[in-house]
Amino acid sequence: MAAANYLPSEDQFLCSICLDVFTDPVSTPCGHNFCKNCITKHWNTDDQCLCPMCKKVFIIRPELQVNTLFSEMVAQLRQSAQQKASSSSSQQQVSTPGEVPCDVCTGTKLKALKSCLVCLASYCETHLEPHLTASRLKRHQLIDPVENLEDRMCTKHDKPLELFCKTDQTCVCMLCTVSDHKTHDVVPLKEGYEGKKAELEAELQQMILKRRLKIQKIKDSVDLSKEDADREIAEGVQVFTALKECIERGQANLIDAIKEKQKTKENQAKSFIKELEQEISELMNRGTELERLSRSDDHLHLLQNVQSLNTHHPTPTKDWTEVSICPSYEGTVVRAVSQLEETLSEQIKKLIEAELKRVQQYAVDVTLDPDTAHPNLILSYGGKQVKYGDVIVSTFQTDNPERFSTSLCVLAKQSFSSGRFYFEAQVQGKTKWNFGVARESINRKGTISMTPDHGNWTLGLRNKNEYKAFDDPPVRLSLKSQPQKVGVFVDYEEGVVSFYDVDAAALIYSFTGCSFTEKLFPYFSPCNNDDGKNSAPLIISPVRVK
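Report on the accompanying structure. Please read these numbers as outputs of a predicted model, since none were measured by experiment. (Residues numbered from 1 in each chain as written. Predicted model: local features only at pLDDT ≥ 70, side-chain atom pairs only at ≥ 80, totals over all residues. Heavy atoms only, no water.)

All right, on to the sheet that holds strand β7 (residues 121-123) then. The sheet built from three strands is open, its strands ordered β7-β6-β8 with antiparallel pairing. Of all the strands in the sheet, the pair left with one neighbour each is β7 and β8 (142-143). Pairing geometry for strand β6 (residues 114-116) and β8, over two bridges, is antiparallel. Note that in β8 the partner of cysteine 116 across the bridge is leucine 142. Packed onto the sheet, helix α4 (residues 125-133) meets β6, β7 and β8 and runs at close to 110° relative to β7. (Pairing = 2+ DSSP bridges. Helix = DSSP H or I, 4+ residues; strand = E, 2+ residues; numbered from the N terminus. Contact = heavy atoms within 4.5 Å. Axes fitted to C-alpha atoms, helices over the stretch in contact; angles between N-to-C directions.)

Below, the structure is given as structure tokens:
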């Protein structure tokens, strides 16, 4: 039979209805072939018997004829395809977990090579063959295998998602463009993909650029930090060298002073010894003469020569009872250390003056925020002064979540979440005040616990001269002078809050080892009037570097 040796292309044996190789092929009177089941279902669901190929209408449903030669050729084609599939399946990989399986394979699922966006199915090498050879299927869009192809269907219209709505930034089907997205900017998926890709690439490049700039900034910061460290080391070495020399000089002076005293004592002792030895010699001479006179039996002669003996050998009359050589070094070391302490104090004062000048370089402009002020506080027009008022200020009557309702305090408008900053406040004439920084989440509707754990780092004055750092536990401060102007320096990353007596250029107190995780606000509390003794305002002062 000729069909045994001749096999046309597979495209000629595809049913135009199911687009697959014929199953039980039959012919219509117009000469076209279809799967028996396909053409039967087609005519059963249609109002008239119409040939799907040539559109010829049959008044009476025609009897379908079996084309024997055509059936044999289809059977041979199927057998050849099965043999090819059998041989190729042994070479193809079986789908494993995580890989997309072929949707057509029965039994053992082979690994899919492609997914069809039109058929919404994935195919292995064998079942992909029709899409590579059949002219109708070649027009389908194939992509690398993907799972959940149903996600590519519009859930509302059950149509493929073929378009992209730029207005709503979502994928849509053709029917969506005439309903929900009728007036929107809709483009093909490819154009939407390219646009979104370009947008994301630009965004990524911008993010990369920002991070490269950040890397460079960090590197520059490291270089600056190294320069600062080298400068600090040099200054530290210079200071400690001077202090060491000062200590060594003080030690040498102490040793010299003690040795000089010792030498003086030794010379004094030598003088005393020489004088005593001289007196002993004279007494021994007198004794010799007395012995000589005592040998005579002439008592009168002895008595008459006593006066001569006193004249030629007088008896020493100096009283040596109270004479002594006492070590008198008490206080020498103390005086030397006191002198050293005075020198060190001068050096420390110079260091603090230099440090204060450095931190003042980080001065910021601070103004008070009326939205946070307790209703009894009166703020100046420019937001630079705050004092206590006996009457609730009318403009502050409207409450808001930011306002302090219990504690007599106010925050600045400015906040800081990184870096360093410095500001000053005048406290002259006040008997009470609290002053420092507070975190954003500080309690604003109840009594404030004045500790770092509760979100504030402050100093306070009570009873006109009792200074306290509200650390945990609180620290009583003994100050040489009463500060008239207090400066606050914060290093956010280092976790340091330092307070300075600006006029005296003295460090009052430092909170160290702090861990800041929120915005920090300058914090001011003028306290109550204290029967008129504390009516002076807290004043934010402009920073002037001396």
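Attention now moves to the sheet that holds strand β5 (residues 65-66). Strand pairing in a sheet is mediated by backbone hydrogen bonds. Such pairs are either parallel or antiparallel. Spatial strand order, β2-β1-β5: three strands in an open sheet with antiparallel pairing. Two strands close off the open sheet at either side, each with one partner strand: β2 (33-35) and β5. Pairing of strand β1 (residues 25-27) with β2 involves three bridges; the strand directions are antiparallel. The partner of valine 26 across the bridge, within β2, is phenylalanine 34. Against the sheet, helix α2 (residues 36-45) contacts β1 and β2, and its axis sits at roughly 90° relative to β2.

Applying the stated criterion across every chain, the model contains 12 aromatic pairs. On the basis of an interplanar angle of 15° and a centroid distance of 4.0 Å, the ring pair of phenylalanine 416 and phenylalanine 421 is categorised as stacked. Each of the two residues, phenylalanine 416 as well as phenylalanine 421, counts as buried. With 5.3 Å between their ring centres and 45° between their planes, tyrosine 492 and phenylalanine 516 make a pair best called tilted. Highlighted residues: tyrosine 492 in the loop between β20 (485-491) and β21 (496-501) and phenylalanine 516 in the loop between β22 (506-511) and β23 (520-525), separated in sequence by 24 residues. Overall, phenylalanine 516 belongs to the buried group, its relative accessible area being 11%. Following the ring pairs from residue to residue traces out a cluster consisting of Phe416, Phe421, Phe423, Phe435 and Phe524. (Phe/Tyr/Trp six-rings, centres within 6.5 Å; stacked < 30°, edge-to-face > 60°. Buried < 20%, exposed > 50% of the residue type's maximum accessible area, 1.4 Å probe, protein only.)

To locate leftover empty space, one rolls a probe as large as a water molecule over the atoms. Going through the model one piece at a time under the given rule, you end up with one cavity of 30 Å³ or more. Computed from the structure, the largest cavity encloses a volume of approximately 30 Å³. What lines the largest cavity is simply Trp433, Leu459, Gly460, Tyr467, Lys468, Leu477, Pro483, Val486 and Ile508. Secondary-structure elements contributing two or more residues to the lining of the largest cavity are β17 (456-462) and β18 (466-469). Split into classes, the residues belonging to the lining of the largest cavity amount to seven nonpolar, one polar and one charged. (1 Å grid on protein atoms, 1.4 Å probe; cavity = no way out; pocket = protein on both sides within 12 Å on 5 of 7 lines; lining within 4 Å. Points joined across faces, edges and corners; volume = space filled by probe spheres on them. Nonpolar A, V, L, I, M, F, W, Y, C, P; charged D, E, K, R; others polar.)

So, on to unusual backbone geometry. Of note, the amide linkage connecting aspartate 472 to proline 473 takes the cis form, showing an omega dihedral of 5°. The topology assignment puts proline 473 in the loop between β18 and β19 (475-477). In this structure, lysine 464 takes a positive phi of about 75° despite not being glycine. Looking at the secondary structure, you find lysine 464 in the loop between β17 and β18. Phi is positive for aspartate 531, which is not a glycine, with a value near 55°. Examined against the element boundaries, aspartate 531 turns out to sit in the loop between β23 and β24 (538-541). Since its relative accessible area comes to 79%, aspartate 531 is described here as exposed.

This part takes up the nonpolar core. If you look at the biggest cluster of nonpolar residues, it comprises 37 residues, and the most contacted ones within it are Trp433, Val497 and Phe524. By size, the runner-up hydrophobic cluster in this structure holds 13 residues, among which are Val21, Met73, Val74 and Leu77. (Core = buried A, V, L, I, M, F, W, Y, C linked by side-chain atoms within 4.5 Å.)

Every buried residue belonging to α2 is among Cys38, Ile39 and Trp43, and all of these are buried. For α2, the angular spread of the buried residues around the axis is 125°, confining them to a single face. Every exposed residue of α2 that faces more than 90 degrees away from the buried side is listed here: Lys41, Asn44 and Thr45. Here the buried face of α2 lies against β1, β2, β3 (49-50) and β4 (57-58). (Arc of directions from axis to C-beta.)

Before going further, it helps to spend a moment on the pairing of β22. Examined bridge by bridge, β21 and β22 share five bridges and lie antiparallel to one another. Pairing of valine 497 across the sheet is with phenylalanine 511, part of β22. A loop of four residues connects β21 with β22, the two strands running antiparallel in sequence, and alanine 505 in this loop sits at a positive phi of about 50°.

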